Amino acid sequence: MQWTLGKRLVSEDEIIKDQGLFLDYDEIARKGSMTAEEKNISKWYGIYTSRQPGNHMARIVIPGGVLTSSQARRIAKVAEDYAQGKLAITTRQCVQLHWLKIPSLADMVRSLAEDSISTFHGCGDVTRNVAGCPLAETCQFRRFNVLPHVKETARLLTEARDLDNLPRKFKITFSGCGAGCAQPFINCIGIVAVQRKTPLGDDEFGFKVMIGGGMGWAPFIGQELFSFVPPEKMARVNRAIAQLFRDYGERRDRSFARLKFVVHRRGIEECRRIVLKFLQDEGVDVDDLETEDFEETGVDYPDRPLLEQNPVGTDGKVTVRAMVPKGELTHLAFKRMAEISEIYGNKRVYLTNRQNIEIHGVKPGKVDEASAEIRQIGFDTDGFFGLRDIVPCVGTTYCPKAVTETRSLYDLLMPVVSQSKYREIWDKALINITGCPNSCSPYRIADIGFRGMRIRETVGSTEAYEMRIGGKHDRLGSKLGEFKKEDCAPALERILDTFLDLRRGDETLADCAERLGL
Amino acid sequence: MENNNHLNPFLKAIEDLGVSYEMAPNPQETSVFLGVGAEPLDFKTFLKDIPCQDACPAKTNVPAYIEAIAQGDPDKAYLINQEDNVFSGVLGRVCSRPCEDACRHNWTGTAGPVHICHLKRSASDYKENPPKPLPSWFEDTAKKVAVIGGGPAGLTAARELRRYGHGVTIFERDSVLGGMMVQGIPVFRLPRETVEAEVKAIVDSGIEVKCNTGVDAALMERIMQDYDAVLVAVGAVNPSNLKLPGLPGDGHTIPGLKFMYDYNMGLIGDMKGQNVIIVGGGFTAVDCARSCARAAKRLVGAEGTVTIMYRRTEAQMSADPDEINQMRLEEIEVETLMNPLSARTENGKLVAVTFQRNALDEEQSEGGKPRIHAIPGTEEEYPCDLLIMAIGQTRQLSILPQGVSQTEGHHTTHENIFVAGDFNYGSFDVITAVNDGKEVADKIDAHLMGRVRRKKHIAISFMDTNGETGRVRDHDIQFPVQMPKLPLPERDGTAEVELGHTADGTHIHATRCYFCHYKFEIDQDACIHCDWCIGVAPRDCINRVSRLFHDDDGVVTSSLEANLAEETTYIWIDSDECVRCGKCLRVCPTAAITMRKMEMCSCSTAELEEKQKDNVPYGAFKYEKFK
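Predicted model, so just to flag it, every value in this text is computed and none were measured.

Here we look at the overall build of chain A
Right, on to step 1. Looking only at helices and strands, chain A features 15 helices and 19 strands.
Right, on to step 2. Within chain A, buried positions represent 54% of all 518 residues.
Right, on to step 3. Of the contacts made within chain A by residues no fewer than 6 positions apart, 66% connect residues no fewer than 24 positions apart.

Printed below as a string of structure tokens:
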């Protein structure tokens, strides 16, 4: 070991990564187990070890959360064949399969590939699934359709072998307007479509780019890198930002190895200079990347377009939403959703970052019929967007990092928020529950957020949650207190009652808390 | 109402809920979080955490000086040593190293302790500036102290008394200062320039020295009149003797210390071809043997033998295994379990000594060494031209004035007369003498000034380095290189045998140190039991614990491990296992883990009170890992 000491400037993970990022799951199946190094590299293939020994989790990459119905059917089949028939929707619009066994990993990957979907780069130190507004294509508030850009960025960065080894994960999201349904302020890159008038009076479209946001143990709100980027250059700009992260990110200490720390340490100006340099080096003309503020035009958007029930799209067709409790469903339900999209919708299944499923393109006259079909599966279709759509992470049910069983808090809170007295504020607050400070369910940007912890007792300790209120997509909530699990429901009730009393007009809980100075 | 958190209706609603929990206390390992701690808890935690410093009689700040060496600053390391143990160049060569026996590397691992002693020498070897006198603590007091005896204890006491502001005069019987350091230790183990430089740094602080001044009753009388206090530190120089039947008069047996004195003063001539037997197993016996081997030209293959005869086994000898190894190389026989019975002479000249074999008993004698008994019928005769008796020394108590005798500790029946060093407790090692010199200086100052003017405390500072101590886990498993030694043919009577660690060797040994003065601690009120620290822990250093057990001063003595999350009251860092890698701090998502530095310092009582005003108690400090 002596000889390595002089040059040791990187974490152990970096040494493993340097040894190569290739895995053969057939060979692993024959061998029957993975070494520690293989488990680490396996993340690049979207496969993680689970809390339960011998089981694995696979995360299927779905750019923008849009699946064709045949892809959805394929996922349902894979879940049935290899994952005990269960699947889960994530807050970044992926699908996770738990309960995978080592011998079936290779077959699972092959089966998915038949419908052009994969788990590749589902986890690991790479660009993760590129997220976007689920309503991107037809939302009436959107500036323009960002879905093609989601797919272009996903393709460019996933195919770039020089971006395979980033310091850590790298997350990109696209929003169609400033409402921030896709949470642009808490991603490494948050991209928001903007619209303005040229001096000649024409409409001009582009993107505003924020970088350096993030949750986790050190939350940051993203800072504006460019105020206007022409849409055709967006993917190249994303690539340059990834290069910035690759070359300037922390590689010694993984807890600081995120783009948010690069931005915080170097400052946004320095980061912009480096990004421009990378772009110029690759022959991209950067003259039309702007940093000056300008007056935005375009239709006004509400605070939370996602909370609207059965929104009508720009094509005159309706979106029907299905609330998937805890984001968990069976392969039968998922397959049925694919069928419903084939019968009533545009033959696509849309996954949202609130772990729900949408069917787009339903003719107005068929909405009731489609909704009834969805309710038949057991999913709610109306009156749930908001308060009752609690988003928990998987918690100790599967996750090795989690501290608490978030699903059981979900069960405790659900009766509280379902009370009829809260009917009028059902769409005024969002609740997120996360099992650890990693904030897979981003609790700091929800109106009400719970984060798992343990509180010590005289001897031993018990599950508890830190409670925050007042977060929204560009603002972090404030801490209210720490409560043992059984005290969370009464505390939530107090907060909701207070909100009922004090709210003004249409304001959300976050706005109310902000107005009252919290 | 707006912008006032106390009156915020949401906070008020939560307050009205009236939730409060009964919790186990948040354990605190020091009396203050930051600042200066002077409670028993602070000292106990400190010494428990840093066993080498606890083991050092002079309480040398071992981790701090090793850290300075690891950071490439030998001058700083030397200064730390000079402050704590006065003769660091000397001790870096000849110390008895109780610290290394206590080093935490002995608890686990097989590569042995950090070479604490030799690192001290490296600091001395690689420093750029010669040793300088240390600054005084107080203004001159116009009090005068006489120190009788210029050995390690006397010199140390003189330096400290001078820093207290007193006038000091050293009376030395010999022509040079240094005591046993120059008279007893052979020059091939301790070059005289090293001693001279360090003695000079003491004398230069303004101490009057009277060499060649043996103190007799008359002089003592005068000293008693002229000085406010007298420190007697004349060592233990009366050789113990063993009467063997058959021994002729003088000339053929010689006390070990006398032999060493003559050898060091160049009075020993050529001993070529002689058979020498040294009786004894202490430092002196070994030094005599190695000196004889040189004087008798054994190292270049001359005839004759040099043999150590010791009544117990090698395990009980004062020499360390490395030195015993060197003796083997130098063709010195070590015969153990041997007891001299009688001598035989021919023509008035010693020719042989008869030894009888011993056997070890299981029970221990008072000194902690096993008892022995002779085995009858095992007598054997060994040829011998010169017999050296190195079986210890006793104190010459007659130097104290008539009617004065030693009482408790450093005191005597005369309130102005103090004793220190070997003269206080009998023949022992340099580091203990240094510590005794420091202690007696404190007592003399308190006696002269009527109050304690300096106090020890634990200084606790916050380290905002994201858990970086400069060491990684790989540093623990380095191969500890041995110190280069002089080749056998070049070992004449004076050339130093141990050459000191190379720069690379020094770095390896310095980075092996765990830097135990850093304390990683979890704030239990901020901990959420996510266990991520346990996940990255390099060894069994962080545990789930259901109960902690404290002693009366609040020091955690043991813990009860928990298996389940429900049983876990605390996530607990075991400082005894912690290798100060900082991984836990870096991974902690709630910044519950902090890194602090603990150092034992002393300062004037007034300064201490001033510092205590800035103390930060537990709970008042919130670590923000990322601002």
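Considerations on the overall build of chain B
Right, on to step 1. The number of helices and strands found in chain B is 21 helices and 23 strands.
Right, on to step 2. Taking the principal axes of its C-alpha atoms as reference, chain B extends roughly 110 × 55 × 45 Å.
Right, on to step 3. Looking at the 627 residues of chain B, the share that counts as buried comes to 45%.
Right, on to step 4. In chain B, once contacts between residues fewer than 6 apart in sequence are set aside, the share between residues at least 24 apart is 75%.

Quick word on the interface of chain A and chain B
Right, on to step 1. Of the residues lining the interface, 37 residues belong to chain A; the matching set on chain B comes to 38 residues.
Right, on to step 2. Those elements giving two or more residues to the side of chain A that touches chain B turn out to be α1 (2–5), β17 (448–456), β18 (461–469), β19 (478–484) and α14 (485–502) of chain A.
Right, on to step 3. A breakdown of the residues in the side of chain A that touches chain B according to their chemical character gives 20 nonpolar, nine polar and eight charged.

Regarding the domain arrangement of chain B
Residue and element names in this part refer to chain B.
Right, on to step 1. Partitioning chain B into domains gives domain 1 (59–132 + 468–512), domain 2 (144–236 + 395–452) and domain 3 (244–391).
Right, on to step 2. Distance from the C-alpha centre of domain 2 to the C-alpha centre of domain 3: 32 Å.
Right, on to step 3. Contacts between domain 2 and domain 3 engage seven residues on the former and nine residues on the latter.
Right, on to step 4. Of the residues that constitute the side of domain 2 that touches domain 3, the class distribution is four nonpolar, two polar and one charged.

Notes on the pairing of strand β9 (residues 305–309) of chain B
Residue and element names in this part refer to chain B.
Right, on to step 1. Here β9 lies mainly inside the structure; five of its five residues are buried.
Right, on to step 2. Of the two faces of β9, the one carrying Thr305, Thr307 and Met309 and the one carrying Val306 and Ile308 are both buried.
Right, on to step 3. In the sheet, β9 pairs with strand β10 (residues 333–335) via three bridges, with the strands oriented parallel. For threonine 307, the partnering residue across the bridge sits in β10 and is glutamate 333.
Right, on to step 4. Chirality of the crossover, the property in question, places the unit of β9, helix α15 (residues 321–329) and β10 among those that are right-handed.

Re the environment of B:Pro370
Residue and element names in this part refer to chain B.
Right, on to step 1. Relative to the assigned elements, proline 370 resides in strand β13 (residues 370–374).
Right, on to step 2. Here the alpha-carbon distance between proline 370 and phenylalanine 462, two residues 92 residues apart in the chain, equals 48 Å.
Right, on to step 3. Non-local contacts of proline 370, meaning those with residues more than four positions away in its chain, are made with Arg312, Leu360, Asp361, Glu362 and Gln364.

Some points on unusual backbone geometry
Among all residues save glycine, negative phi is the norm, and among peptide bonds the norm is trans.
Residues and elements named next belong to chain B.
Right, on to step 1. One non-glycine residue, asparagine 347, lies in positive phi territory at about 55°.
Right, on to step 2. Counting through the fold element by element, asparagine 347 comes out in the loop between β11 (338–346) and β12 (349–364).
Right, on to step 3. In this structure, phenylalanine 515 is a non-glycine residue whose phi angle is positive, near 55°.
Right, on to step 4. Of note, phenylalanine 515 is situated in the loop between α18 (503–512) and β19 (518–522).

Some thoughts on the domain arrangement of chain A
Residues and elements named next belong to chain A.
Right, on to step 1. Each assigned domain of chain A is listed here: domain 1 (11–113), domain 2 (142–281), domain 3 (305–377) and domain 4 (391–515).
Right, on to step 2. On a C-alpha basis, the centres of domain 1 and domain 4 stand 31 Å from each other.
Right, on to step 3. Each partner contributes residues to the interface: domain 1 has seven residues there, and domain 4 has nine residues.
Right, on to step 4. Its residues assigned to classes, the side of domain 1 that touches domain 4 comprises two nonpolar, four polar and one charged.

Describing the pairing of strand β15 (residues 386–389) of chain B
All names here are of chain B.
Right, on to step 1. In β15, alternate side chains face the same way, and those of Leu386 and Ile388 on one face and Leu387 and Met389 on the other are all buried.
Right, on to step 2. Inspection of the sheet shows strand β7 (residues 253–255) paired to β15 by three bridges, in the parallel sense. Across the sheet, threonine 253 pairs through a bridge with leucine 387, a residue of β15.

Brief notes about the packing of helix α9 (residues 259–266) of chain A against helix α10 (residues 268–281) of chain A
Residues and elements named next belong to chain A.
Right, on to step 1. Interhelical geometry of α9 versus α10 gives an angle of 110° and a closest axis separation of 6 Å. Viewed along their axes, α9 and α10 adopt a mutual orientation that is roughly perpendicular. Listed contacts from α10 to Val262, Val263 and Arg266 of α9 are Ile268, Glu270 and Cys271.
Right, on to step 2. Its residues placed into classes, the contact of α9 with α10 shows four nonpolar, no polar and two charged.

Here's the deal with the environment of B:Val232
Residue and element names in this part refer to chain B.
Right, on to step 1. Note on placement: valine 232 falls in strand β5 (residues 229–232).
Right, on to step 2. Under the C-beta neighbour-count criterion, valine 232 is labelled buried, with 31 such atoms within 10 Å.
Right, on to step 3. Distance in space between the C-alpha atoms of valine 232 and leucine 486 is 39 Å, their sequence separation being 254 residues.
Right, on to step 4. Residue contacts for valine 232: discarding those within four places in its chain leaves Ile148, Gly149, Ile399, Leu400, Ile417, Val419 and Phe423.

A look at the environment of B:Gln478
Right, on to step 1. Tracing the sequence through the fold places B:Gln478 in the loop between β18 (454–462) and α18.
Right, on to step 2. Taking the number of C-beta atoms within 10 Å as the measure of exposure, B:Gln478 has 16 and is therefore partly exposed.

Some thoughts on the nonpolar core
All names here are of chain B.
Right, on to step 1. Formed by 316 residues in total, the largest nonpolar core has its most connected members in Leu231 and Ile278.
Right, on to step 2. When residues in this core are grouped by element, the largest group, eight residues, is from helix α14 (residues 283–295).
Right, on to step 3. Apart from residues lying up to four places away in sequence, leucine 231 is in contact with Val145, Val147, Ile148, Gly154, Ala157, Phe418, Ala420, Val440 and Ile444.

Topic: the sheet that holds β19(B)
Residues and elements named next belong to chain B.
Right, on to step 1. As summarised here, the arrangement of the four strands in space is β1-β18-β23-β19, forming an open sheet in which the pairing is antiparallel. Among the strands making up the open sheet, the edge pair consists of β1 (35–37) and β19. Neighbour to neighbour, the strand axes of the sheet diverge by 40° on average, direction disregarded.
Right, on to step 2. Summarising the sheet, β1 and β18 pair through three bridges and their orientation is antiparallel. Paired with valine 36 across the strands is alanine 459, a residue of β18.

Topic: the sheet that holds β18(A)
All names here are of chain A.
Right, on to step 1. The strand order β15-β16-β17-β18-β19 describes an open sheet built from five strands, whose pairing is mixed. Strands with a single pairing partner mark the edges of an open sheet, and in this sheet they are β15 (391–392) and β19.
Right, on to step 2. As paired strands, strand β16 (residues 431–434) and β17 are joined by four bridges and run parallel to one another. Directly across from isoleucine 433, in β17, lies its bridge partner phenylalanine 450.

With respect to helix α17 (residues 430–449) of chain B
Two residues of an α-helix separated by three or four positions point the same way, owing to the 3.6 residues in each turn.
Residues and elements named next belong to chain B.
Right, on to step 1. A rise of 1.5 Å per residue sets the reference length of α17, with its 20 residues, at 28 Å; its end C-alpha atoms lie 28 Å apart and thus fit the reference within 8%.
Right, on to step 2. Of all 20 residues in α17, 15 are buried, a share of seventy percent or more.
Right, on to step 3. Just downstream of α17 lies glycine 450, where phi reads positive at about 80°.

A look at the packing of helix α11 (residues 331–343) of chain A against helix α12 (residues 367–377) of chain A
All names here are of chain A.
Right, on to step 1. The contact between α11 and α12 brings their axes to 10 Å, and the two run at 170°. With respect to α12, the element α11 is oriented roughly antiparallel. Residues Ala333, Arg336 and Ile340 of α11 form the contact with α12, whose participating residues are Ala370, Glu373, Ile374 and Ile377.
Right, on to step 2. When its residues are assigned to classes, the contact of α11 with α12 shows five nonpolar, no polar and two charged.

Procedures and definitions
- Residues numbered from 1 in each chain as written.
- Chains lettered and ligands numbered in written order.
- Predicted model: local features only at pLDDT ≥ 70, side-chain atom pairs only at ≥ 80, totals over all residues.
- Helix = DSSP H or I, 4+ residues; strand = E, 2+ residues; numbered from the N terminus.
- Buried ≥ 20, exposed ≤ 12 C-beta atoms within 10 Å, placed from the backbone.
- Contact = placed C-beta atoms within 7 Å.
- Nonpolar A, V, L, I, M, F, W, Y, C, P; charged D, E, K, R; others polar.
- Domains from an automatic or database assignment.
- Pairing = 2+ DSSP bridges.
- Right-handed = clockwise from strand over helix to strand, strands pointing away.
- Axes fitted to C-alpha atoms, helices over the stretch in contact; angles between N-to-C directions.
- Parallel < 35°, antiparallel > 145°, perpendicular 65-115°, else oblique.
- Core = buried A, V, L, I, M, F, W, Y, C linked by C-beta atoms within 7 Å.
- Expected span 1.5 Å × (residues − 1).

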